[in-house]
Amino acid sequence: MATLKGAKRVVIKIGSALLVDRETGDLRRDWLLGLAEDVAWLKGQGTDVVLVSSGSIALGRGVLGLPRAELPLEQSQAAAAVGQIRLARAYEEALAPYEIKTAQVLVTLEDSANRRRYLNSRATMATLLGLGVVPIVNENDTVATDEIRYGDNDRLAAQVALTTGADMLILLSDVDGFYSDNPMTNPDAHRYDVVEEITPEIEAMAGEGTSGLSKGGMITKLFAAKTATMGGCAMAITEGSVMRPLTALENGANATWFTAQGTPQLARKRWIGSMKPQGAVTLDAGAVKALKAGKSLLGAGVAEVSGDFGRGDPVEILGPDAHKLGQGLCAYTAEETRAIKGRHSSETEAILGYTGRTALIHRDDMALQASMH
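Reading the values: rules and limits
Residues numbered from 1 in each chain as written. Predicted model: local features only at pLDDT ≥ 70, side-chain atom pairs only at ≥ 80, totals over all residues. Heavy atoms only, no water. Pairing = 2+ DSSP bridges. Helix = DSSP H or I, 4+ residues; strand = E, 2+ residues; numbered from the N terminus. Contact = heavy atoms within 4.5 Å. Axes fitted to C-alpha atoms, helices over the stretch in contact; angles between N-to-C directions. Salt bridge = Lys/Arg side-chain N within 4 Å of Asp/Glu carboxyl O. Buried < 20%, exposed > 50% of the residue type's maximum accessible area, 1.4 Å probe, protein only. Parallel < 35°, antiparallel > 145°, perpendicular 65-115°, else oblique. Left-handed = near helix turned anticlockwise from the far one by under 90°. Nonpolar A, V, L, I, M, F, W, Y, C, P; charged D, E, K, R; others polar. Phe/Tyr/Trp six-rings, centres within 6.5 Å; stacked < 30°, edge-to-face > 60°.

A. Quick peek at the sheet that holds strand 9 (residues 234–239). Reading across from one edge, 3-4-2-1-5-9-10-8 is the order of the eight strands in this open sheet, with mixed pairing throughout. The open sheet has two free edges, formed respectively by strand 3 (102–107) and strand 8 (194–195), since each of these has just one partner strand. Examined bridge by bridge, strand 2 (residues 48–53) and strand 4 (residues 134–139) share two bridges and lie parallel to one another. Along strand 4, the bridge assignment pairs Val52 with Val137. Of the strands in this sheet, strand 1 (9–14), strand 2, strand 3 and strand 4 are in contact with helix 4 (residues 73–95), which crosses strand 3 at around 150 degrees. Across the face of the sheet, helix 9 (residues 218–230) comes into contact with strand 5 (168–173), strand 9 and strand 10 (255–258) while running at roughly 155 degrees to strand 9.

B. Structural context of the pattern of salt bridges. Within this structure, the stated rule accounts for 11 salt bridges. Its salt-bridge partner being Asp193, residue Arg191 comes within 2.8 Å of it at the nearest N-O pair. Judged by its relative accessible area of 23%, Arg191 falls in the partly exposed class. The exposure class assigned to Asp193 is partly exposed, which follows from its relative accessible area of 41%. For Arg343, the salt bridge identified is with Glu347, shortest N-O distance 3.2 Å. By relative accessible area, Arg343 is classed as partly exposed at 36%. Residue classification places Glu347 among the partly exposed positions, given a relative accessible area of 29%.

C. Summary view of the sheet that holds strand 13 (residues 314–318). Strand order in the open sheet made by the five strands is 12-11-13-14-15, with mixed pairing throughout. Looking at the sheet topology across the chains shown, the edges are occupied by strand 12 (302–307) and strand 15 (366–368). Direction aside, the axes of adjacent strands within the sheet are offset by 20 degrees on average. With three bridges joining them, strand 14 (residues 324–329) and strand 15 adopt antiparallel strand pairing. Each residue of the ladder has a partner; that of Gly326, found in strand 15, is Leu368. Seen against the sheet, helix 11 (residues 264–273) touches strand 14 and strand 15 and runs at an angle of roughly 100 degrees to strand 14.

D. Structural context of the pairing of strand 10. Every second residue of strand 10 is oriented toward a common face, with Ala255 and Trp257 on one face and Thr256 and Phe258 on the other, all of them buried. Bridge count between strand 8 and strand 10: two bridges; the pairing is parallel. Across the sheet, Val195 pairs through a bridge with Phe258, a residue of strand 10.

E. Spatial organisation of the packing of helix 2 (residues 29–44) against helix 4. For the pair helix 2 and helix 4, interaxial distance at closest approach is 9 Å and the crossing angle is 55 degrees. One finds that helix 2 runs oblique with respect to helix 4. Handedness of the crossing formed by helix 2 with helix 4: right-handed. Taking contact as the criterion, the partners of Arg29, Leu32, Leu33, Leu35, Ala36 and Val39 in helix 2 are, on helix 4, Ala90, Tyr91, Glu93, Ala94 and Leu95. Here the residues of the contact of helix 2 with helix 4 are counted per class, giving nine nonpolar, no polar and two charged.

F. Expanded view of the packing of aromatic side chains. Across all of its chains, the model carries three aromatic pairs by this definition. Taking 5.6 Å as the distance between ring centres and 70 degrees as the angle between the ring planes, the aromatic pair formed by Tyr118 and Trp271 counts as edge-to-face. Note that Tyr118 is positioned in helix 6 (residues 115–130) and Trp271 in helix 11, a separation of 153 residues in sequence. Arranged with centres 6.3 Å apart and planes meeting at 70 degrees, the rings of Phe178 and Phe258 form a pair that is edge-to-face. Of this pair, Phe178 sits in strand 6 (residues 178–179) while Phe258 sits in strand 10, and the two are 80 residues apart along the sequence. Joined through ring pairs, the aromatic side chains of Phe178, Tyr192 and Phe258 make up one cluster.

Keep in mind that these numbers describe shape and distance, not what the molecule does.
Printed below as a string of structure tokens:
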């Protein structure tokens, strides 16, 4: 059975029904304080924590006195705008006694679908986590329309797990795991402790959720599990309404664990390596040596540039003899790369007119051939 002890980076998804009282529309402050204690415990053992939290619309709805029925888009977005400020403040206040800093990160589906935005999101999250901050992530409901929505925070949480390279995703839910059928309607339904592989039979068992405040049913949780596990991240579904739900999970509370397929790093390398390259950079001998030593690729090490690629696009990495060494996501456009090739990083601002990233292709954004290791 997986354990939270020893996890390097954990993403925790919190549903509206856990945070906001269904009857009053008020924040469940005692529950949140218990969660904060759990987060402090994880941080104390050296684990990075990211919280993906619903609740802004539910909180804002209460403040604005809007009905509990399905709201028109404009009212949902207004409720989100009002609720988001309260949600962020509530997390900040709950974690402050532990001297844990928080950050609000609002995203839309476009931020992961668009490679340039994806690289920006990844870099920002990496910097926040490196500074010991706990990011509070939510869908940007004030601007997201159906075309650019995740639509549910299970799916969003899985994408955040991939973006941040997390090795564990915990969905705090209104059910205590994945069942063979809906346990509320079928007393013979049984819960799975571990799902090693998401087969068509497992998919066929997924039903819909029953909570009025949470949109995500079991289908969305299974979709999240597929996304996370393929990305090398283990995932658990567990009942979240208990006080200190992460401690409860660690102490053997009912849950279903979905087994990771490999590691986050390996999955990311596979993903980058499978993309169709939009161009190529040819390196000098010094850059090849640096890459073999595990370094990132700098503009100074590039001798030639071919193709017409945008920022975040995959490019082939070639040796001086034009032999393919690997593939990576380039932090600059083809035009910019041509301008800074062979030049020191300190010259980038003078050449391009803005301060860019130090690396042309960061080592985390490249998949190198086995012969390079």
